[in-house]
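One letter stands for each residue in the lines below.
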Amino acid sequence: MTKTTDVLIVGGGVIGCSLAYYLQKAGRQVMVVDQGEIGAQASSAAVGLLAPLVPFDNEDFVPFLLASWALFPTLVPELEAASGLAIAYQQTGSLHTINHAKRVARLEQQMHKWQRWGFHTVWLTGDEARACEPVLSERVCAAVAAPQEGQIHPSSLVAAFATAARNKGAFLCPQSGVTGLETKGTHVTGAALSTGEAVACDSLVIAAGAWSSQRWQQWLGVPIPVRPVRGQALALHQPAATPLTHILFGEGVYLAPRLDETVVIGATTDEAGFDTRVTEEKIAFLLASAHRLVPALQACSLVRAWAGLRPRTADSRPILGRVPRWENVVLSTGHGAFGITLSPLSGLAMTELLMTGQTPEVLRPFSLDRFLPQSSGTRARK
Ligand SMILES: Cc1cc2nc3c(=O)[nH]c(=O)nc-3n(C[C@H](O)[C@H](O)[C@H](O)COP(=O)(O)OP(=O)(O)OC[C@H]3O[C@@H](n4cnc5c(N)ncnc54)[C@H](O)[C@@H]3O)c2cc1C
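How each quantity is defined
The numbering scheme is per chain: residues are counted from 1 as the chain's sequence reads. Totals for whole chains, interfaces and linings use all residues, but because this is a predicted model, local features are given only for residues with pLDDT of at least 70 and pairs of side-chain atoms are given and counted only at 80 or more. As used throughout, domain bounds are those supplied by an automatic or database domain assignment. Contacts here follow a simple rule: the backbone-placed C-beta atoms of the two residues must lie within 7 Å. Remark: nonpolar core denotes a set of buried Ala, Val, Leu, Ile, Met, Phe, Trp, Tyr and Cys residues whose joining runs through C-beta atoms within 7 Å. Note on burial: count the other C-beta atoms lying within 10 Å of the residue's C-beta; 20 or more is buried, 12 or fewer is exposed, in between is partly exposed, and C-beta positions come from the backbone. Whether a residue is near a molecule or strand depends on its C-beta atom, generated from backbone atoms, being within 6 Å of that molecule or strand. In this text, helices come from DSSP runs of H or I with a minimum length of four residues, and strands from runs of E with a minimum of two, each type numbered from the N-terminal end. Fitted lines through C-alpha atoms serve as axes, helices being fitted only where they are in contact, and the angles separating the N-to-C directions of these axes extend from 0 to 180 degrees. If an angle is under 35 degrees, it is roughly parallel; if it is over 145, roughly antiparallel; if it lies from 65 to 115, roughly perpendicular; otherwise it is oblique. Throughout this entry, Asp, Glu, Lys and Arg are counted as charged residues, while Ala, Val, Leu, Ile, Met, Phe, Trp, Tyr, Cys and Pro are counted as nonpolar. The remaining residues, Gly among them, count as polar. Paired strands are those between which DSSP finds at least two bridges. In this scheme the crossing of two helices becomes right-handed for a clockwise turn of the near helix relative to the far one and left-handed for an anticlockwise turn of less than a right angle.

Q: Tell me what's going on with the domain arrangement of the chain, and back it up with residues and numbers.
A: Once the domains are mapped, the chain shows domain 1 (2-70 + 154-226 + 314-371), domain 2 (94-147) and domain 3 (227-312). Between the C-alpha centres of domain 1 and domain 3 there is a distance of 28 Å. Facing the 18 residues of domain 1 at the interface are 17 residues of domain 3.

Next up, the structure:
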C-alpha cells in the first residue's frame, strides 16, 4: 500500500522531530519514519546540556549555536503546552573550573570571549567556587561561573517535539526503515519501507543522524560525509550530605545534577563504528576524572552507564540544506556534540527552506557544497 505525505522525514531523533513539529505548525503534512523507536538513538543518549560556552570560536557555528540556545526559554512552555509533556528544563548555572595556576590566563581569555558573546560570567577564586559548590575538590584553583547555562531532559524533549507534531497532524512511524528510493529525473518521488509499505512524498528530508551517510550516498550519488562518533556517559546517585547544584566542567569531563537526584557524568569520544556498547576504559576515565573534581562522588553508587553515536562531520558543523542536483531532497544531519542545543533553530530554519524554497541566511554556512569537489557529478539511483 502506498501512503502519501508532503514531507517525508527519515529519522525520528531530536532533529527529525523538531523539524516535524515546526513544519506541521506551518501547515505541511509530515510523516516521520524511523528504523527503530522514535528518539531511541543519540537523542536519548545525550546528557542534555544547554551549555554553549565552548572553548572554540568558529565564526559560522558559534552564532548559530547561541541563537538556537536562546530559543529554549520561549520554546519550552510552548512545547510543554502543545505536547502535554514536561521537559525538565533547568537553568542550573555552571562552573567552568581549572586545577592549575598555569591555566588561569587561558580561562580568563575565554571568559572575556564569552562576555563579548553577551554572556553574564563571573570570575571566582577556588575558595569562592567552593562557597558556591561545597563538594568541589581543593584542586580547583579558579572558575568562571555562567548562571545562564542549563540543561534539559533529552528524551523528554524528543518526546515533546514528536507528540506536539502528532497532535498537529504528523504521522510518526517507528520500526519503519527506509530501504530504497523511488526517483523520477531530479526528484525523489517516494521511499520503500522495511514494513513492505511505500510512501510517496513531495519532499524528502534525511535526518538520519550517524546513519546519514551509509546507503544514502549510493542512492543519491552524492557523498554525505557524516560518521558515527561514540560518546559514553554514566549516572551516579547524588552525594547524600551535600548534593551538587551546578553543572561543573573540569578534569576533562562535565557533571550535571539532575532533578531525579542523580549526577550525570559525560562524555567520552571514540570511534568504534556503530558499536554502542560502553567500555571499561572510558567508564573508568569518567569516574576517575569525576572523583578528582568532586571527591565525595567516590561514595556514591552507580545508577547506569550508556553510549550513543554522535553524527559528526569533518569540520564538526552540521549539514543543513539542499542535496545538489536533487530538486526536493534536503539534509539535516551532522549535529555532532550539540544536536540537542541546535534542534530548535535547525528545525525552524529548515522549515523556512522547505516552505519558501529559499535557503535562509543562517543556513548558508552549513551547505553540503563545502564538502563537494566543484565538478562532482551526481546520478539518480534506486
Ligand atoms: C553521550 C552523548 C552526550 C551528548 N550530550 C549532548 C548535550 O549535552 N547537549 C547537546 O546539545 N547534544 C549532546 N549530544 C549530541 C546529540 O545527542 C546529537 O547531536 C543529537 O541527538 C543528534 O540527533 P539526530 O536526530 O541527528 O540523531 P539520532 O537521535 O541518532 O536520530 C537519528 C534517527 O535516524 C534513524 N534512522 C537512521 N537511518 C534510518 C533509515 N534508513 N530509515 C529510518 N530511520 C533511520 C535512527 O534510527 C535514529 O533514530 C550528546 C551525544 C552523546 C552520544
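Q: Which residues make up unusual backbone geometry, and what values go with them?
A: Backbone torsion omega between G266 and A267 reads -25°, so that peptide bond is classified as cis. One non-glycine residue with positive phi stands out, namely A88, at about 60°.

Q: Which residues make up the nonpolar core, and what values go with them?
A: L8, I9, C17, A20, F161, L255 and I265 are the most contacted members of the largest nonpolar core, which has 119 residues in total. Other than its neighbours up to four places away in sequence, I265 contacts A233, L234, L236, V253, L255, L286 and A290.

Q: An account of the site of the ligand is needed here, citing residue identities and associated values.
A: In the vicinity of the ligand lie 42 residues, with G11, G13, G209, G231 and G339 positioned nearest. Listing elements by their share of the shell around the ligand, those giving two or more residues are α1 (14-25), α2 (42-45), β12 (227-237), β16 (302-312) and α10 (339-356). No fewer than three residues from each of domain 1 (2-70 + 154-226 + 314-371) and domain 3 (227-312) sit in the shell around the ligand.

Q: Which residues make up the packing of helix α3 (residues 61-69) against α10, and what values do they have?
A: One way to put it is that α3 packs onto α10 with a least axis distance of 7 Å and a crossing angle of 90°. Of the possible angle classes, the one that applies to α3 and α10 is roughly perpendicular. Residue-level inspection shows F64, L65, A67, S68 and W69 of α3 in contact with α10, the latter providing T341, L342, P344, L345 and S346. Its residues assigned to classes, the contact of α3 with α10 shows seven nonpolar, three polar and no charged.

Q: If you had to explain the sheet that holds strand β13 (residues 247-250) to someone new, which residues and values would you point to?
A: The mixed open sheet is built from eight strands, whose spatial order is β5-β6-β4-β13-β14-β15-β12-β16. If you trace the sheet from one side to the other, it starts and ends with β5 (122-125) and β16, each paired once. Ignoring strand direction, the axes of neighbouring strands in this sheet form an average angle of 20°. Relative to strand β15 (residues 262-266), strand β14 (residues 253-257) is paired through four bridges, and the arrangement is antiparallel. Residue L255 lies in a different strand from β15, and its bridge partner there is I265. Where helix α5 (residues 104-116) meets the sheet, its contacts fall on β4 (94-98), β5 and β6 (142-146), and the angle it forms with β6 comes to roughly 15°.

Q: If you had to explain the packing of α1 against helix α7 (residues 154-167) to someone new, which residues and values would you point to?
A: Running from N to C, α1 and α7 cross one another at 30°; their axes reach a closest spacing of 8 Å. On the basis of the axis angle, α1 is roughly parallel to α7. As α1 runs across α7, the sense of the crossing is left-handed. Together, V14, C17, S18, A20, Y21 and Q24 of α1 and P154, L157, V158, F161, A162, A164 and A165 of α7 make up the contact between the two elements. Among the residues forming the contact of α1 with α7, the class breakdown is eleven nonpolar, two polar and no charged.

Q: Tell me about the pairing of β6, and please be specific about residues and values.
A: Counting buried positions along β6 yields five of five residues, so the element is predominantly enclosed. Across the two faces of β6 the burial is the same, with A142, V144 and A146 and A143 and A145 all buried. Bridge analysis of β5 against β6 gives four bridges, and the strand direction is antiparallel. Looking across to β6, one finds that T125 is bridged to A142.

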